[in-house]
Amino acid sequence: MRHALPMRTVTEADMEDCVNFEGMPQTLSSTSMFTPCGFSPHLHTSKEGEQGGLIFQDGNLTSASLDALIQHLIPTTDYYPEKAYIFTFLLSSRLFIEPHELLSRVCHKCIEQQRLDDPVLDKSSQVTLLLNFFKALMKPAGCQEARIRKFGPKILQLLTEWTETFPYDFQEERMIGHLKDMIHRIAPCDEAYWKKMNQLLQTLNQKLATLSHGQEGIVKISAAVSDKLVAFKSKPPSIQREILSVCSDPYTLAQQLTHVELERLSHIGPEEFVQAFVHKDPLDGTKTCFSEQKKTSNLEAYVKWFNRLCYLVATEICMPAKKKQRAQVIEFFIDVARECFNIGNFNSLMAIISGMNMSPVSRLKKTWSKVKTAKFFILEHQMDPTGNFYNYRTALRGAAHRSLTAHSNREKIVIPFFSLLIKDIYFLNEGCANRLPNGHVNFEKFLELAKQVGEFITWKQVECPFEQDPNIIHYLHTAPIFTEDGLYLASYESESPENQTEKDRWKSLSLPELSMVSKFCNLCMYLFEQRIPAPNIQEEQLVGFVFGNSAEL
């Protein structure tokens, strides 16, 4: 698993010279660029045909050159771009130009168009920056100052929306440098701009710190488990810890799963959906955007979480030695899945169903004969892939509609089946070209992309209303789980192989040289149960336990 990238935080030096003043008009938060249904529909105009290099059809912007789109992003004294356009372009532009290059071009164009003195974007010349700053302070009020007073709040609003919606872009020093430079150019006209700069940098700093802390937590969990799956079934029940001993209430477990889902979703930036499918720009034969790294670590971590939950469910079912206990665990997870459906947590629902449908679990016919399966079949029907997951998509629309009229966060929860969302975005990306034959950016495609991603962003911003249980969360993240081979061996030991294929596989998994691995798994389970740090165990005790010469440690 790719480790989280080091986060760039805004230092006190970034905010030095920023003084709090009253009077700066407040800009809208990033959430306001979305309607309750997920995406603002107001990227429409009465224009038709070509306007300033922008191509409109039926009142909708459909294509344009990259330069024209950049120009359309830049506010003026009497123009501010639609919020839907800002989100769509900032999301999709990284397929053609890296964020720091885009911000540099935006700043240069603003300087030229608003005549904000000579360009000082070269960070190597701090003396030039200081001289221009004091030069601006000494300028008398006049037409230029009046123009900047009208332009200033709009460029600040654009920068605020950028930092709020795509904070990961500002991990780079260059982004912070461009941002500060633009503020320094307009601040001398109104002292209140310094307060706005202070607020903007403080908010960005807090957001990056929060995201960094969350990423570090995910990395630590992954490092602790190392994504290692327990190789084979460990029989002694005294050293096994089961889910029912940690949480026996399906509704509570569904709530805690929702906690995990929303926590992990909160770290996924909207840009990761685009960066996951970055290809070489046909108009640039030398490099791809983000050629150094694809910056999709949060998205990848979330997919890994789904896979882990699948295997955890299968492990918990295959682990008990008795048929009755296995049936009890299956019925428990069916109830958990039903509660996830009622909550609107479709990702955990699908992971549970997938885990119960894994071959090592589904082959346990004697166990399933003891299970009341009516509820399970209903849930399976809801997540049936037939008709491109028609039933699930209908249920998702119902949950989204409930979220629109919700009076509490409990009713606002919508956690989509993430793998299908990624698949939808992938096919949208692959099915339509980024550029048209004339070299124009296919903006119509990116409007649809922004609609899907924007809806997801609205859902992931919901605050989890359920009280967190640290013990359950810890178990979900760190409980040992079987590999696929381990699941098969556990399954065969619970219910004997029925055909020659199963017998051959069981034989290959039961080779004598693997017995020591099984003993080592017992040790891993014991350490997990007792919370004993490995360095505290003497070598003689370890050898004795593995080779069966010692009953206890």
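In case you missed it, the structure is sitting above this.
The rules behind each value
- Residues numbered from 1 in each chain as written.
- Predicted model: local features only at pLDDT ≥ 70, side-chain atom pairs only at ≥ 80, totals over all residues.
- Heavy atoms only, no water.
- Axes fitted to C-alpha atoms, helices over the stretch in contact; angles between N-to-C directions.
- Helix = DSSP H or I, 4+ residues; strand = E, 2+ residues; numbered from the N terminus.
- Parallel < 35°, antiparallel > 145°, perpendicular 65-115°, else oblique.
- Left-handed = near helix turned anticlockwise from the far one by under 90°.
- Contact = heavy atoms within 4.5 Å.
- Nonpolar A, V, L, I, M, F, W, Y, C, P; charged D, E, K, R; others polar.
- Core = buried A, V, L, I, M, F, W, Y, C linked by side-chain atoms within 4.5 Å.
- Buried < 20%, exposed > 50% of the residue type's maximum accessible area, 1.4 Å probe, protein only.
- Salt bridge = Lys/Arg side-chain N within 4 Å of Asp/Glu carboxyl O.
- Phe/Tyr/Trp six-rings, centres within 6.5 Å; stacked < 30°, edge-to-face > 60°.
- Lys NZ or Arg CZ within 6 Å of the ring centre and 35° of its normal.

**Q** Mind showing me how you'd approach the packing of helix α12 (residues 297-318) against helix α23 (residues 484-494) here?
**A** Running from N to C, α12 and α23 cross one another at 25 degrees; their axes reach a closest spacing of 9 Å. With respect to α23, the element α12 is oriented roughly parallel. Here the hand of the crossing between α12 and α23 comes out left-handed. Here α12 contributes Y311, A314, T315 and C318 to the contact with α23, which in turn contributes E484, L487, A490 and S494. Residue composition of the contact of α12 with α23, grouped by class: five nonpolar, two polar and one charged.

**Q** What should I look at first to understand the nonpolar core in this one?
**A** Nonpolar side chains tend toward joint burial in soluble globular proteins. Judged by nonpolar contacts, the single largest core of 135 residues is most densely connected at L253, F273, F333, M356 and F418. When residues of this core are assigned to their parent elements, the largest contribution, 11 residues, is made by α12. The residues contacting F333, other than those within four sequence positions of it, are I243, L253, V313, E316, I317, I352 and M356.

**Q** I tried to follow α23 on my own but got confused; where do I start?
**A** Counting along an α-helix, one turn takes 3.6 residues, and residues three or four places apart therefore face a common direction. In terms of burial, α23 is largely enclosed, as eight of its 11 residues are buried. Among the residues of α23, those classed as buried are G486, L487, Y488, L489, A490, S491, Y492 and S494. Lining the buried residues of α23 we find α12, α13 (323-343), α15 (359-362) and α24 (500-509).

**Q** Could you clarify how one ought to interpret the packing of helix α20 (residues 418-431) against helix α21 (residues 443-460) in this entry?
**A** Their axes nearest at 10 Å, the elements α20 and α21 cross at an angle of 170 degrees. Comparing the axis directions of α20 and α21 gives the class roughly antiparallel. Residues F418, L421, D424, I425, L428 and N429 of α20 lie in contact with α21, whose contacting residues are K445, E448, L449, Q452, V453 and F456. Across the contact of α20 with α21, the residue classes break down as seven nonpolar, two polar and three charged.

**Q** What am I meant to see in the pattern of salt bridges here?
**A** Close approach of charged atoms allows side chains of opposite charge to pair. Under the counting rule described, the total for this entry stands at 11 salt bridges. D335 is the salt-bridge partner of K375, the closest N and O atoms lying 2.6 Å from each other. Highlighted residues: K375 in helix α17 (residues 374-382) and D335 in helix α13, separated in sequence by 40 residues. Under the relative-accessibility criterion, K375 is labelled partly exposed at 32%. On the accessibility criterion, D335 (18% relative accessible area) is buried. With a shortest N-O distance of 3.1 Å, E502 and R363 are connected by a salt bridge. Here R363 lies in the loop between α15 and α16 (365-368) and E502 lies in helix α24, a separation of 139 residues in the sequence.

**Q** Mind showing me how you'd approach the environment of P167 here?
**A** Relative to the elements of secondary structure, P167 occurs in the loop between α6 (143-165) and α7 (173-186). The exposure class of P167 is buried, given its relative accessible area of 5%. Contact partners of P167, with chain neighbours within four places excluded, come to W162, L204, K207, L208 and L211.

**Q** Got a minute to help me understand the packing of aromatic side chains in this structure?
**A** Each pair of aromatic rings is reported with the distance of its centres and the angle of its planes. A complete count under the given rule lists 21 aromatic pairs for this structure. A centroid spacing of 5.5 Å and a plane angle of 80 degrees characterise the contact between F346 and Y392, whose relative ring orientation is edge-to-face. Separated by 46 residues along the polypeptide, F346 in helix α14 (residues 346-356) and Y392 in helix α18 (residues 386-404) bring together distant segments of the chain. F346 sits in the buried class, given a relative accessible area of 2%. Overall, Y392 belongs to the buried group, its relative accessible area being 3%. Clustering of aromatic rings is evident, with ring pairs tying together F306, F341, F346, F389, Y392 and F417. In this structure, R505 packs its charged tip against the face of Y488, placed 3.7 Å from the ring centre.

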